[in-house]
Amino acid sequence: MFDINKVREDFPVLRETKDGKPIVYADSACMALKPQQVINTLVDYYTKFTACAGRSPHKFSRETTKKYEDAREKASTFINAKDPSEIVWTRNTTEALNLASGVLQLDGSETIICTSESHNSNLVKWIFLANNNKIKLNILNTDKNGLFKLDQLIEVVESCKDGKFVVSLTHVSNVTAAIIDVKEIAKIVHQREGIFLLDAAQSFPHQPIDVKEMDIDFMGVSMHKACGPTGMGFLYGKYELLEKINPLIYGGEAIADLVLPKTIKFAPPPSRFEAGLQNYAGAIASGAAIDYLDSLGIDKIQSYETKLSNTLMKGLNEFGDQISIVGPKNPNKRVALAAIDLKEINSHEIAILMDDMYNIALRSGYHCTHGFHHALGLEQGTLRPSWYLYNTIDEIDIFLEALRELLDTLG
Ligand SMILES: Cc1ncc(COP(=O)(O)O)c(C=O)c1O
């Protein structure tokens, strides 16, 4: 059973108050709060065995190596990868997606297909490469309901040369909250030998992902959105594809050998991509975050969050024309976040008042989807509450009540 009161006790920051009032944290799509179990793991690393992994022969280093690799194995098992060597630790989803782009030949012959609601981390590099004639880029339009046309995707895929295209999509949008059908799309991509790259920043923390069953080629994840420490993420890649890509960063641990003046033998993945001393504390604590999600059950987390999503959408629907919601109307087709268009009212203004007057922490602006906001004419930005496993229905009601009061005063 998912016991929300017990879950909340795991998050020490939820005991904080400001002016005698509790904090309502509704910014988890940006950064999730950390359970005590993850904090303890970080403290243990720094107080009991601080060392680097993989290099020195002493006991601290051996313990770090073991825990660093155990954490990799936990990540691998959590997404049902074939082998832990398919997990590369990165700083975040952004770095993971940039690393995966190394699979491209960059000779101008390949097409990248992505969608307009994509986060900048899954757009900027493609646009940069296209502007420099290294790739052809096809950005499919996502509408205000959060949908792109599957027929259009199929049409573009059919116009590409076999094996000469990459489809790079967002599993769950941080703005439309829409969930795409990964398995169906993977089938379309693989029928023409394309590569399927998935931005799972907003899905991995909230729902089960089975990379084998879904047939994902590369996937980027941010552990800091999944109860893990900040500045941690990973790239999942099918091993045979990882073997084809060059590192983003060159240096120690990334090579098997070097003979002067010019012979470099790269180490196999994942070491090849983890040059220099790493964030060992972060990786080990990411393992603790995965243990934490596992202990609650990712299925149960998903069901609980569906209830939060239902409450949020039901409450927002009662605002009528005062606001509009970006993304699908059906709460079962979205996750527990909403980008709210406040019409003439600037989203930052409301976010600041929410924080100052009600202790409600949420996000405003373009949420790193500038292109999509401009395309939809949402120049005032959108107000985005995003809820996670430690939030309650009561907190959503507090947010809805605060929004009602502010809109009545300012509207
Ligand atoms: C859908 C999506 N993709 C990618 C990212 C980038 O994540 P990070 O900043 O952790 O690299 C985010 C962050 O909010 C996101 O929501």
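Predicted model, so just to flag it, every value in this text is computed and none were measured.

## A look at the overall build of the protein
Summing up its helical and strand segments, the protein has 14 helices and 17 strands in all. Expected size for 411 residues packed as a compact globule is a radius of gyration near 22 Å; at 22 Å, the protein falls within 12% of this value. Structurally, the protein occupies a C-alpha span of about 70 × 55 × 35 Å along its principal axes. By the burial criterion, 45% of the 411 residues in the protein qualify as buried. Partitioning the intrachain contacts of the protein with sequence separation of at least 6 by distance along the chain shows that 71% fall at a separation of at least 24.

## Brief notes about the nonpolar core
Core analysis: the biggest nonpolar cluster contains 104 residues, and F196, L198, F234, Y236 and A289 have the highest contact counts within it. Examining the composition of this core, we find that 10 residues originate from one element, helix α10 (residues 280-296), more than from any other. Two domains each put at least three residues into this core: domain 1 (4-30 + 297-410) and domain 2 (40-294). Other than its neighbours up to four places away in sequence, F196 contacts V167, I185, A186, V189, H190, I216 and D217.

## Comments concerning unusual backbone geometry
Residue P261 is bonded to the preceding L260 through a cis peptide linkage, with omega at 10°. Structurally, P261 can be placed in the loop between β11 (255-259) and β12 (263-266). Cis geometry marks the peptide bond from P269 to P270; its omega dihedral reads 5°. Mapped onto the fold, P270 is located in the loop between β12 and α10. One non-glycine residue with positive phi stands out, namely N80, at about 60°. Tracing the backbone shows N80 in the loop between α3 (59-78) and β4 (87-90). Of note in this structure, K343 is not a glycine but carries a positive phi near 60°. Residue placement: K343 occurs in the loop between β14 (339-341) and α12 (347-358).

## Points about the environment of I4
Here I4 shows up in helix α1 (residues 4-9). Residue class for I4 comes out partly exposed when judged on the 15 C-beta atoms lying within 10 Å of it. As for I4 and G54, which are separated by 50 residues in sequence, their C-alpha atoms are 40 Å apart.

## Digging into the sheet that holds strand β7 (residues 165-170)
Read from one edge to the other, the open sheet built from seven strands follows the order β4-β10-β9-β8-β7-β5-β6, with strand pairing classed as mixed. Where the open sheet ends on each side, the last strands, each with one partner, are β4 and β6 (136-140). The sheet shows a mean angle of 15° between the axes of neighbouring strands, taken without regard to direction. Both strand β9 (residues 218-222) and strand β10 (residues 233-237) contribute to a ladder of five bridges, which runs antiparallel. Bridge pairing in β10 links S222 to G233.

## A closer look at the domain arrangement of the protein
Buried accessible area, meaning the area lost when the parts come together, often serves as the stated size of an interface. Considered domain by domain, the protein is made up of domain 1 (4-30 + 297-410) and domain 2 (40-294). In this structure, domain 1 and domain 2 have C-alpha centres spaced 28 Å apart. In this assembly, 24 residues from domain 1 lie in contact with 22 residues from domain 2. Broken down by element, the side of domain 1 that touches domain 2 gets its largest block of residues, five residues, from helix α11 (residues 298-317). Tallied by class, residues from the side of domain 1 that touches domain 2 come to 13 nonpolar, seven polar and four charged.

Calculation rules
Throughout, residues of each chain are indexed from 1 in the direction in which the sequence is written. Per-residue local features of the predicted model are confined to residues with pLDDT of at least 70, and side-chain atom pairs are confined, for both listing and counting, to 80 or more; whole-chain, interface and lining totals are unaffected and use all residues. Only DSSP runs of H or I with at least four residues qualify as helices, and only runs of E with at least two residues qualify as strands; both kinds are numbered from the N terminus onward. All radius of gyration figures rest on C-alpha atoms, and the globule criterion is 2.2 Å times the number of residues raised to 0.38. Exposed residues have 12 or fewer other C-beta atoms within 10 Å of their own C-beta, buried residues have 20 or more, and partly exposed residues fall in between, where C-beta atoms are placed from the backbone. Residues are scored as being in contact if the C-beta atoms we place from backbone atoms lie within 7 Å. Take the buried Ala, Val, Leu, Ile, Met, Phe, Trp, Tyr and Cys residues, join any whose C-beta atoms are within 7 Å, and the set you get is a nonpolar core. Where a domain begins and ends is set by an automatic assignment or by a domain database. Each pair of strands is called paired provided DSSP finds at least two bridges between the two strands. Note on geometry: axes are lines fitted to C-alpha atoms, helical ones only across the stretch in contact, with angles between N-to-C directions running from 0 to 180 degrees. Gly falls in the polar group here, along with every residue not listed as nonpolar (Ala, Val, Leu, Ile, Met, Phe, Trp, Tyr, Cys, Pro) or charged (Asp, Glu, Lys, Arg).

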